[in-house]
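# Structural description and commentary
Each chain is listed here by its residues.
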Amino acid sequence: MFQRILLVVTTVSLVWVGAAYADITFERVPIDGSSPVLLLKGEFTTSDNTDQLAREVAATGARLITFNSNGGNVATAMAYGRMIRSLGLSTLQLRSAECASACALAFVGGVNRQAEPGAIGVHQSSFSPETIVEGHTAVAAVQALTAQIMTYLVEMDVDPKLLQLSLSVPSNDMRYLTASEMQSYKVTWGSLADLTESAAASKVAPTVVPATPQTTQAHLPTTEEKASAFVTAYYDAWSGGNSEALAFMARAYANTVEFYGKTTPKAALIDEKRNFATRWPVRAYSVQAGSTKVTCAETCKVDGIVDWYTKRDVGNRTSSGSAEFSLVWDQRAGVILSETSEVIQTDKGVSQPVRLISQWTEQNSVCRGGSGDSPATNMACERREAISEKLQTAGWCYGREGEYGYQVRWHACEATSYTQESAVAVASSATFKRPDLSSYPARGRLSGNTVMPDFKGRDREFNSFRTRIRDGMRQGPNFAGRYTLIQIGCGTGCSFVIVANNQTGRPASFPRGGEEHMYLSLDFRRDSRLVAAQWLNYDTNTCVVEFFDFDRDTWKPITKTDVGKDDACYRTIAENLP
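Just so you know, these numbers come straight off a predicted model, no measurement behind them. (Residues numbered from 1 in each chain as written. Predicted model: local features only at pLDDT ≥ 70, side-chain atom pairs only at ≥ 80, totals over all residues. Heavy atoms only, no water.)

## Observations concerning the pairing of strand S3 (residues 64–68)
Our working definition: Under the scheme applied here, a residue whose accessible area is under 20% of the maximum for its type counts as buried, over 50% as exposed, and between as partly exposed, the area being computed with a 1.4 Å probe on protein chains only. Where helices and strands are cited, they refer to DSSP runs of H or I of at least four residues and of E of at least two residues respectively, numbered from the N terminus. Strands were regarded as paired on the criterion that DSSP finds at least two bridges between them. For the handedness criterion, the strands are oriented away from the viewer, and a crossover whose path from the first strand over the helix to the second runs clockwise is classed as right-handed.
Burial analysis of S3 places five of its five residues in the buried class, which makes it a mostly covered element. Side chains Leu 64, Thr 66 and Asn 68 project from S3 onto one buried face, and the interleaved Ile 65 and Phe 67 project onto a second face that is buried too. Of the pairings in the sheet, the one linking strand S2 (residues 34–41) to S3 comprises four bridges and is parallel in character. When the sheet's bridge partners are listed, Leu 40 is paired in S3 with Phe 67. In this fold, the crossover linking S2 to S3 by way of helix H2 (residues 51–60) has right-handed handedness.

Below, the structure is given as structure tokens:
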């Protein structure tokens, strides 16, 4: 269902990209077997009437709305957001269309809301160009509007800190939110499953517009989810230093515990934990993904499998294996009433944390190979980072100086090792050595005047961009002695690059750009053939930096690294790779 909706809405929205509209209009996007999706188009103006949306919903039974709007009047956009909420509609936004400025306020009115990374843009509010307002009056108006927006965001369950981010972006610029930012600020809410369910519900006949607003409640964790989270916190704490671990244990148990089949006072249990922690001060425990089973009634019983790695200070003795555990947790008091476990496998003759490394590798594979910002992908990334922290605390590092990509491995930390917050499947910025510009010197300099391309003959394939190319080349070479790199926009967050030979007048294409390499930025110099290209990989939701050598008019890849999640692409290459 959702894929069908996505395909149809994408096709329709592409038709309208780049268009400008004076007032709000609606288009019905037909979906087989369901009522249509509503496409809201145009700028929000004071003359718009939100009743128009109510009439469309009443006539069509639509449950999903999408946008192609570059903003407009803030008050009107918030009125539409409140109407969207009162009608119980969900919102969906694609990068192929536009929802920027005031449109973002209308978007968050959705009960369930999903958006592709880079699909929602925010910036400061501003007066229209023809408005003339005296200074004190303007300040008062801005303050009043800010208060209204703050109240509205709280009403729509959006983090008010979004307003702080918006105010940091000038009104003549635009900040497009990353997937993680949208989740953090609660701009997106619910899941694709919720959205699909909303669309499926639109199969029913249109209904009368409700007279009273319908509000959505934030998801409250179930008792089972709380029990599972407690167990995760338990093993996270036990993987830390002794003082922190024992402090957690002192809070985690009831005064009397059924401990391995024996009724045990809390004090005796903590003494046993302390003795173990003293003998094995290095500990790393991680529950196997998907192994946890939780059953709750008056109390919760949590069963699962945990992998461990421990090490003694004396003699460097290590222990590694897996155990089945079972805890009974009192959800009201938040304490353990019963605990037992049984070792199911130990690793003989192994000095490495092989099981935790295996867990990390599995989660890293899902994290990097998952689909965009799906819950499963995000969960795998979070698990990977948690395991990474435990491995590093236990003295294991990922990557050494001079290692790249496939060479990087987990190993016992040493002088040449890198430590990093989140190990990734290729060399990260921490394990990555930036190529030296001086190792790729320009092979020559421009002699004579710049020669322009032959756009009517040899270079006619570049004729559509002749003005931008000529303007760039007239400024003289900026790369590799005799070349000009020219970056040309192709939509929101989209650009491509042309390299023009000022000696021969021949233009050529750069190997990265377009929709496949969004938020492309370059770092280069006139005296070097080396180019650094940074772009967003939507498949893995990571920011990538690649280095190319432009040697004898041929682009030769040198090396490549991930520098973080999607929001890293909002930083410069120099900031990501100092």
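## Things to note about helix H13 (residues 375–393)
Each turn of an α-helix holds 3.6 residues, which means side chains three or four residues apart point in the same direction. Short version of the rule: Here, expected helix span is obtained from the residue count minus one, scaled by 1.5 Å.
Between its first and last C-alpha, H13 extends 27 Å over 19 residues, near the 27 Å set by a 1.5 Å rise per residue. Thr 377, Asn 378, Ala 380, Cys 381, Arg 384, Ile 387, Ser 388, Lys 390 and Leu 391 are the residues of H13 that are buried. Remark: Gly 395 follows H13 within two positions and exhibits a positive phi of approximately 95°.

## Let's talk about the sheet that holds strand S6 (residues 113–115)
Convention followed: Every axis in this analysis is a line fitted to C-alpha atoms, fitted for helices over the stretch in contact. Angles between the N-to-C directions lie between 0 and 180 degrees. Contacts are residue-level and defined by heavy atoms, with any inter-residue pair within 4.5 Å sufficient.
The strand order across the open sheet built from five strands is S1-S2-S3-S4-S6, with neighbouring strands paired in mixed fashion. At either end of the open sheet lies a strand with only one pairing partner, and these are strand S1 (25–31) and S6. The sheet shows a mean angle of 25° between the axes of neighbouring strands, direction not considered. The strands touched by H2 are S1, S2 and S3; relative to S1, the strand with the most contacts, the crossing angle is about 20°. Sitting on the sheet, helix H3 (residues 74–86) touches S1, S2, S3, strand S4 (90–93) and S6, and the angle it makes with S3 is about 160°.

## What to know about the state of the cysteines
What counts here: By convention in this document, the label disulfide applies to cysteine sulfur atom pairs within 2.5 Å.
Under the definition given, this model contains four disulfides. Through a disulfide, Cys 296 is tied to Cys 300; the S-S separation comes to 2.0 Å. Residues Cys 296 and Cys 300 are joined through a disulfide that is right-handed, its torsion about the S-S bond being 110°. Here Cys 397 engages in a disulfide with Cys 413; their sulfurs sit 1.8 Å apart. Negative torsions about the S-S bond denote left-handed disulfides, and the value of about 100° found for Cys 397 with Cys 413 makes this one right-handed. Taken together, the positions of Cys 397 in strand S16 (residues 396–398) and Cys 413 in the loop between strand S17 (410–412) and helix H14 (466–474) put the pair 16 residues apart, joining distant regions of the chain. On the accessibility criterion, Cys 413 (35% relative accessible area) is partly exposed.

## Regarding unusual backbone geometry
Of note, the phi angle at Asn 541 is positive, near 55°, even though the residue is not glycine. Secondary-structure assignment places Asn 541 in the loop between strand S22 (530–537) and strand S23 (542–551). Here the phi dihedral of Asp 553 falls at roughly 65°; this positive angle occurs in a residue that is not glycine. Mapped onto the fold, Asp 553 is located in the loop between S23 and strand S24 (554–565). For Asp 553, a relative accessible area of 46% puts it in the partly exposed group.

## Quick notes on the sheet that holds strand S8 (residues 175–176)
Strand order in the open sheet formed by three strands is S5-S7-S8, with mixed pairing between adjacent strands. Among the strands making up the open sheet, the edge pair consists of strand S5 (99–100) and S8. Both strand S7 (residues 120–122) and S8 contribute to a ladder of two bridges, which runs antiparallel. Its bridge partner being in S8, Val 122 is matched across the sheet by Arg 175.

## Re the side chain of Arg 175
For clarity, the cut-off: Pairs of N or O atoms are called polar contacts if they sit within 3.5 Å, as long as, within protein, a hydrogen donor faces a hydrogen acceptor (for residues adjacent in sequence, only side-chain-to-side-chain pairs).
Within the secondary structure layout, Arg 175 lies in strand S8. Residue classification places Arg 175 among the buried residues on the basis of a relative accessible area of 19%. There is a polar contact of 2.3 Å between the side chain of Arg 175 and the side chain of Glu 181. Setting aside residues no more than four positions away along its own chain, Arg 175 makes contact with Ile 120, Gly 121, Val 122, Leu 165, Val 169, Glu 181 and Tyr 570.

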